[in-house]
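One letter stands for each residue in the lines below.
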Amino acid sequence: MISWLNNQNKILEKENQNIISRLNYIESIPVSVASNRNFYSNNISILVNSTSKDKNIQIDRTQPLSEDSMIVWVNEVNFIDLFNWMVSMGEQGGQIEKMNIRKSKKDKVNAQISILLKTN
């Protein structure tokens, strides 16, 4: 039993390292590559809905936090698709403030993401 727990712990540590490196990549995207930033500069909902549609991400729920931020819930999505969607939002003027990602099924995750529209 202890051996199994140690093995599971190593697997989770590796997953966490992968997620951290991906998040660091997202943060490293310079504002200058936000080519469509002006299009989305006034509406976080347009940014989230347009980019999610482009990346085939189905949003389960949203909750506005302010005029330029919201929380988005996504369930049963492939992690790579979720990652690509977050990169797309970053390139187009969005900034991930917080996120909670949990594995749900094989190759699928559930996520709760707080997104802020970057200001000029």
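Right, let's walk through the structure included here. (Residues numbered from 1 in each chain as written. Predicted model: local features only at pLDDT ≥ 70, side-chain atom pairs only at ≥ 80, totals over all residues. Heavy atoms only, no water.)

## A word on the sheet that holds strand β2 (residues 69–77)
Logical step 1: The sheet built from 4 strands is open, its strands ordered β1-β2-β4-β3 with antiparallel pairing. Each edge of the open sheet is held by one strand with a lone partner, namely β1 (61–66) and β3 (94–105). Pairs of neighbouring strands in the sheet enclose a mean axial angle of 15°, with direction left out of account.
Logical step 2: Bridge count for β1 against β2 is 5 bridges, and the pairing is antiparallel. (Pairing = 2+ DSSP bridges. Helix = DSSP H or I, 4+ residues; strand = E, 2+ residues; numbered from the N terminus. Axes fitted to C-alpha atoms, helices over the stretch in contact; angles between N-to-C directions.)

## As for the packing of helix α3 (residues 44–54) against helix α4 (residues 79–91)
Logical step 1: Packing of α3 against α4 brings their axes to within 10 Å, and their N-to-C directions diverge by 135°. It follows that α3 is oblique to α4 by the angle criterion. Two packed elements cross with a definite hand, and for α3 against α4 that hand is right-handed. Residues L47, V48, T51 and S52 of α3 form the contact with α4, whose own contacting residues are W85, S88 and M89.
Logical step 2: Considered class by class, the residues forming the contact of α3 with α4 number 4 nonpolar, 3 polar and no charged. (Parallel < 35°, antiparallel > 145°, perpendicular 65-115°, else oblique. Left-handed = near helix turned anticlockwise from the far one by under 90°. Contact = heavy atoms within 4.5 Å. Nonpolar A, V, L, I, M, F, W, Y, C, P; charged D, E, K, R; others polar.)

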